[in-house]
Amino acid sequence: ALWIVAAVLALLALLGFAGLALWSALSAPERQAVAAMIGPQAGVLALVIALLLLALGLLVRSWHAAYPAVALRAAEALRVIRSANPQHRLTPLGGPEMRELAAAVNEIGDAYAALAGDVAARVADANAQLAQQNNRLAALMSELPQGVVVCNSEGRILLYNARAAQLLQGDADPADVPLIGLGRTLFGVVDRALVAHALDRITQRLPQQRAEAMAQFVTARAGRLLRARMAPVLGIPSDREPADAAIEGFVLVLEDITQSIEADSRRDVLLQQLTEGIRASLANIRAAAETMQQYPDMEPQRRDRFIEVVRAEAEALSQRLQSAIAAEAASTSTVWPHENMLASDLIVALQRSIGSALQLPVQCEPAHAALWLNVDGFSLVQALTRLAARLHRATGLQALRIEASLQGRFAQLALCWSGSPLEPQQWRDWQGDPITAGGGPATETVADVLARHRAALWSRIDRGSSAHRLVVQLPAIDPVPAHSSAAAIDSRPVYYDFDLLGERGAAMALDERPLAALSYTVFDCETTGLAPSEGDEIVSIGAVRIVNGRLLAHESFERLIDPRRPVRRAAQAIHGISQQMLEGQPGIDQVLPQLHRFAEDTVLVAHNAAFDLRFLQLKEASSGVRFEQPVLDTLLLSALAHPGQPESEHRLERIAARLGVPVLGRHTALGDAMLTAEVFLRLLPLLEQQGIRTLGQAREASRRTSYARLQY
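What you see is a predicted model; the values in this text were computed from it and never measured.

A. Seen up close, the layout of surface pockets. Looking at the second largest pocket, its volume works out to about 730 Å³. Leu530, Asn608, Phe611, Arg666 and His667 are, among the 29 residues lining the second largest pocket, the residues nearest its centre. At the level of secondary structure, the elements contributing two or more residues to the lining of the second largest pocket comprise strand 16 (520-527), helix 14 (569-575), helix 17 (609-617) and helix 20 (652-659). Residues of the lining of the second largest pocket, tallied by class, amount to eleven nonpolar, nine polar and nine charged.

This is how it looks when you write it as structure tokens:
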């Protein structure tokens, strides 16, 4: 087009030069004669020249629209096919040659899509095993009773499980902004000084105690005491790095120790009360005994009174001990992995174990249906089976019966037999027997198991039936309701992104960082109308995070907002939010601080961001919240990636269709935020092809587009 314009101007200049030369060669009479001839026709001549120039301009414009503009769109289409959407195809436009070119481009697109599909299938097959291993890791991590958080060296979270989220989030309202998430800083929930001190201790221990370089600390969170055990994540040594690689991150294993601390405190108080309570009884018993010893010839009546004192004090002392044991059993939870089970289930397990080990007939008496125990069932069954074996060898019994009964706050399990009785010293000696599980080495004795269960052991004779019993007394518990806090955690996958391990965000200025390495908050607002400066308000805000090039759909933000003014009918017809739906919802001044917390340390992204930001800016004074982070606009980025597209092709739906993003939940705040996030991720490789790789380059290029002048 420029060459044609230049040629026309050169021809006009040549004609003008020739006319001037001819004019200068004419004599004065000749010039007058020419002027007389041309003068009356000058207007017509000028009109003809103007019409010729207009026709030439229309011809050039038509030619430009049919060839160069179509060629530019073809180039853009090829970039979309290669980088964003292999299914995109070029619409045939322009002259015959350009239509033929469009058909060839589409044929190349079909071939490329087939190849891309084949490569994707091969990659999916190659990654299947790795994905299965990752899913197994996620499943195991999600069910751990401890919270697990993995961070990079800057404290950015790159893995966490559900238990960690519960412990660090505390009892906050689920509608509140999540405090932990991929790419978020751990220091929003854990004191930075504690983490830094623990890392310093690990660094000091690494050269001498590499295998034991760990640290732990206790922190308070949401009214709970949490014990955190920290282990380093070390870089893989290479030929160019020292053997002791630098710390690239750390693992925190979190455990709620609130109940154990409270139990220790209650135990100390109980011990102090027990000590003070028995002192008087022991003093009275000692005084009575010493008096009877000093006066052996005292009167029988007086001796009986002293004996009654001893009996009464001994009974009181016994009651105090029983009360203390019951209180300790009811309030203290052991750190050993015990579980709640019915006594009847324990008896059945014990019957099978003894019958299999001793080849004896074993009968079971039905236990009380509401008799519950908190026990390590495996080790307790092993210990009682060991006692039954010793009992069999000592007495030669031919049959055994197991009974269970409830005595106050205690359960009594009895091994019953007929025949020879036991001497007390026998069953006392048996408690020292080691217990082996599955043929492995012995790790504890019968006495250890009984002590761990706060159990007592004795033997007695049923005088009425001459039956003998070896009794084990255990604390009974109340049934645990099904909605206990331990079962209230929903199983969920572990969220992780180990690519964040090498991120060094603080070491590089934000504008100099690559677009693909940044964290983003993509947001959208639905409003009462389209005029923020004339009083229209926000009725809904939705936002979602992008971290390390991944859309984190599980870390989203969505709120309805009471605008305290009517919703325009035209706006309601678009987003479907009625006045009734907004009644009772929080105001914008309550929601904006939550959005600000959700979006901290990220770059904001929106489509036609000037519109949404204007609403936020107008609320800065009333809410006290100011969004100062950088902003990217997918409208401007689309104009940068596809400069050959007309204005209508930069609407969000049209961009999504061009890039192969399905449109779901349109005109809902969160749905539009999700759609914008998907579009943004598809635009990044197209921008890189245009030489726009960093945040600073994207912001500077966006300022030069015509859409950047939009004002609201």
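B. Fine view of the confidence of the model for the protein chain. Across the protein chain, pLDDT averages 82, with 87% of residues at or above 70. Per-residue pLDDT stays below 50 along residues 480-493; that stretch engages in twelve contacts with residues further than four places along the chain or on separate chains.

C. Region of interest: the environment of alanine 367. By the element assignment, alanine 367 lies in the loop between strand 7 (362-364) and strand 8 (372-375). When the C-alpha atoms of alanine 367 and isoleucine 347 are compared, they prove to be 8.3 Å apart, with 20 residues separating the residues in sequence. If sequence neighbours within four positions are ignored, alanine 367 has contacts with Ala343, Ser344, Ile347 and Ala404.

D. Region of the structure containing the packing of helix 4 (residues 68-83) against helix 5 (residues 96-142). Between helix 4 and helix 5, the least distance of the axes is 11 Å, while the angle of their chain directions is 5 degrees. It follows that helix 4 is roughly parallel to helix 5 by the angle criterion. Residues Val70, Ala71, Leu78, Ile81 and Arg82 of helix 4 touch helix 5, and the partners they reach there are Met98, Val105, Gly109 and Tyr112. Class assignment for the residues of the contact of helix 4 with helix 5 results in seven nonpolar, one polar and one charged.

E. Region of the structure containing the sheet that holds strand 16. The strand order across the open sheet built from five strands is 18-17-16-19-20, with neighbouring strands paired in mixed fashion. The two strands at the open ends of the sheet, each matched to only one other strand, are strand 18 (550-560) and strand 20 (631-633). When strand polarity is set aside, the average angle formed by the axes of neighbouring strands in this sheet is 25 degrees. The sheet strands contacting helix 16 (residues 588-598) are strand 16, strand 17 (538-547) and strand 18, and the helix crosses strand 17 at an angle near 5 degrees.

F. Inspection of the pattern of salt bridges at higher detail. Applying the stated criterion to the full structure yields 27 salt bridges. Measuring nitrogen to oxygen at the nearest pair gives 3.5 Å for the salt bridge that ties aspartate 376 to arginine 452. A residue pair is termed long-range when its members are at least 10 positions apart, and aspartate 376 in the loop between strand 8 and helix 11 (377-395) and arginine 452 in helix 13 (residues 446-452) qualify at 76 residues. Given a relative accessible area of 12%, arginine 452 falls into the buried group. Between arginine 565 and aspartate 536 there is a salt bridge, and its shortest N-O distance comes to 3.7 Å. Of this pair, arginine 565 sits in the loop between strand 18 and helix 14 while aspartate 536 is found in the loop between strand 16 and strand 17, placing the two residues 29 residues apart along the sequence. Judged by its relative accessible area of 24%, arginine 565 is partly exposed.

G. Local environment of the side chain of arginine 545. Here arginine 545 is to be found in strand 17. Residue classification places arginine 545 among the buried residues on the basis of a relative accessible area of 2%. Contacts of arginine 545, omitting those with residues within four sequence positions, involve Gly181, Leu182, Gly183, Arg184, Tyr520, Thr521, Arg550, Leu551, Leu552, Glu555, Phe598 and Thr602.

H. View of the pairing of strand 16. Along strand 16, eight of the eight residues are buried, which leaves the element largely enclosed by surrounding structure. With three bridges connecting them, strand 16 and strand 19 (residues 603-606) associate as parallel partners. Its bridge partner lying in strand 19, valine 522 is registered against valine 605.

I. Local environment of helix 21 (residues 669-689). Helix length check: helix 21, at 21 residues, gives a terminal C-alpha distance of 31 Å against a target of 30 Å (1.5 Å per residue), a fit within 8%. Along helix 21, the sharpest change in direction is near 30 degrees and occurs at leucine 683; proline proline 685 comes one to four residues later. The buried count for helix 21 comes to 15 of 21 residues, which makes it a mostly enclosed element. Positive backbone phi, at 85 degrees, marks glycine 691, one or two positions downstream of helix 21.

J. The packing of aromatic side chains, seen in detail. Considering all chains together, one arrives at three aromatic pairs under this definition. Taking the centre distance of 4.7 Å and the plane angle of 65 degrees together, the rings of tyrosine 520 and phenylalanine 680 count as edge-to-face. Taken as a pair, tyrosine 520 in strand 16 and phenylalanine 680 in helix 21 lie far apart in primary sequence, 160 residues in all. Of the two residues, tyrosine 520 and phenylalanine 680, both sit in the buried class. Both rings, one in phenylalanine 557 and one in phenylalanine 598, keep their centres 5.6 Å apart while their planes meet at 40 degrees; by these two values the pair is tilted. Of this pair, phenylalanine 557 sits in strand 18 while phenylalanine 598 is found in helix 16, placing the two residues 41 residues apart along the sequence. Note on accessibility: phenylalanine 557 and phenylalanine 598 belong to one class, buried.

The rules behind these values
- Residues numbered from 1 in each chain as written.
- Predicted model: local features only at pLDDT ≥ 70, side-chain atom pairs only at ≥ 80, totals over all residues.
- Heavy atoms only, no water.
- 1 Å grid on protein atoms, 1.4 Å probe; cavity = no way out; pocket = protein on both sides within 12 Å on 5 of 7 lines; lining within 4 Å.
- Points joined across faces, edges and corners; volume = space filled by probe spheres on them.
- Helix = DSSP H or I, 4+ residues; strand = E, 2+ residues; numbered from the N terminus.
- Nonpolar A, V, L, I, M, F, W, Y, C, P; charged D, E, K, R; others polar.
- pLDDT = per-residue confidence, 0-100.
- Contact = heavy atoms within 4.5 Å.
- Axes fitted to C-alpha atoms, helices over the stretch in contact; angles between N-to-C directions.
- Parallel < 35°, antiparallel > 145°, perpendicular 65-115°, else oblique.
- Pairing = 2+ DSSP bridges.
- Salt bridge = Lys/Arg side-chain N within 4 Å of Asp/Glu carboxyl O.
- Buried < 20%, exposed > 50% of the residue type's maximum accessible area, 1.4 Å probe, protein only.
- Expected span 1.5 Å × (residues − 1).
- Bend = angle between axes of the 7 residues up to and from the residue.
- Phe/Tyr/Trp six-rings, centres within 6.5 Å; stacked < 30°, edge-to-face > 60°.

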